[in-house]
Amino acid sequence: MPQPTSLCVYCGSSTGRHPEYAEQARAFGAEMARRGIALVYGGGNVGLMGVVADAVLAGGGKAVGVIPRQLVEREVAHKGLTDLVVVDTMHQRKTRMYELSDAFVALPGGFGTMDEMFEMLTWAQLGLHRYPCAFLDVRGYYRDLRTLMDHMVDEAFVQAGQRDSLWFGDSIPALFDWMAHYDGGNAARVIGPSSIKA
């Protein structure tokens, strides 16, 4: 597939323990803007979410946030985005982020990051999309997750091809190069909003 035009980034609402997490999130957002790739993310102004969005905007890029109404009311929504889509539920948030994106990357994050990224991995496994999914492994954050996925393959719960369709690494240029050359197959995108509403 060609280089993505809209990249969904899942990441923490915290900046984590080490400064390198924010540094790499900032570098990632700057590279997105340099390449003309729009950011789709959870719409917050806190943690790595805010760092990535600010870096994209500072580089002249487009940043679209999708956020549930209750989080707007808690005043964590980013006020300076290109567009802020307000939805009613977390399920609607994930669906809308999917609809707006043609690639998915997880930076370090917690339960929410894992939930969102693994839903995209599951949909890819089911053949519902053929978009690239990658983990930016800052400071070895996802090293143990990769080991767990190898174990899933060894125990015959995940096929080797499914695991191998993912990218893990710590190089931002290598990640973008991988996405630009990603071969997701010829399967049509068969899922639509009506089939994934809660």
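Residues numbered from 1 in each chain as written. Predicted model: local features only at pLDDT ≥ 70, side-chain atom pairs only at ≥ 80, totals over all residues. Heavy atoms only, no water.

Draft legend 1. Spatial organisation of the overall build of the chain. Looking only at helices and strands, one finds 9 helices and 7 strands in the chain. Its C-alpha atoms give the chain principal-axis dimensions of about 45 × 40 × 30 Å. The buried share of the chain, reckoned over its 198 residues, is 47%. In the chain, the share of contacts with a sequence separation of at least 24, taken over all contacts with a separation of at least 6, comes to 70%. With an accessible surface of roughly 9,800 Å², the chain has 50% of that area assigned to carbon and sulfur atoms. Looking at the chain, you have 18 positive and 22 negative side-chain charges, and the mean spots of the two groups are 4 Å apart. (Helix = DSSP H or I, 4+ residues; strand = E, 2+ residues; numbered from the N terminus. Buried < 20%, exposed > 50% of the residue type's maximum accessible area, 1.4 Å probe, protein only. Contact = heavy atoms within 4.5 Å. Areas by Shrake-Rupley, 256 points an atom, 1.4 Å probe, with all protein chains shown as cover. Lys, Arg positive; Asp, Glu negative; His and termini not counted. Charge placed at Lys NZ, Arg CZ, Asp CG, Glu CD.)

Draft legend 2. Up close: the nonpolar core. Counting 32 residues, the largest nonpolar core has Leu 7, Phe 28, Met 32, Leu 39, Leu 107 and Leu 175 as the members making the most contacts within it. When neighbours within four sequence positions are excluded, Leu 175 is seen to be in contact with Phe 28, Val 105, Ala 134, Leu 136 and Trp 167. The next biggest cluster of nonpolar side chains, apart from the first, holds 24 residues, and it includes Val 40, Leu 145, Leu 166 and Phe 168. (Core = buried A, V, L, I, M, F, W, Y, C linked by side-chain atoms within 4.5 Å.)

Draft legend 3. Spotlight on the confidence of the model for the chain. When pLDDT is averaged along the chain, the result is 92; 92% of the residues meet or exceed 70. In this model, residues 185–196 is a region of pLDDT below 50 whose contacts with residues beyond four sequence positions or in other chains number 17 contacts. (pLDDT = per-residue confidence, 0-100.)

Draft legend 4. Summary view of the pairing of strand β1 (residues 6–10). In terms of burial, β1 is largely enclosed, as 5 of its 5 residues are buried. Alternating positions in β1 separate into two faces, Ser 6, Cys 8 and Tyr 10 on one and Leu 7 and Val 9 on the other, with burial throughout. Regarding the hand of the β-α-β motif, the stretch spanning β1, helix α1 (residues 19–35) and strand β2 (residues 38–41) is right-handed. Of the strand pairs in this sheet, β1 and strand β5 (residues 104–106) are connected by 3 bridges, and their pairing is parallel. From the neighbouring strand, Cys 8 faces β5, where its bridge partner is Phe 104. (Right-handed = clockwise from strand over helix to strand, strands pointing away. Pairing = 2+ DSSP bridges.)

Draft legend 5. Structural detail: the side chain of His 129. Counting through the fold element by element, His 129 comes out in the loop between α5 (111–125) and β6 (133–136). Polar side-chain contacts of His 129 include one of 2.9 Å to the backbone oxygen of Met 120. One polar contact links the side chain of His 129 to the main-chain amide nitrogen of Tyr 131, over a distance of 3.0 Å. If we skip the residues at most four places from it in the chain, His 129 touches Tyr 98, Phe 104, Met 120, Trp 123 and Ala 124. (Polar contact = N/O pair within 3.5 Å; in protein donor to acceptor, adjacent residues only side chain to side chain.)

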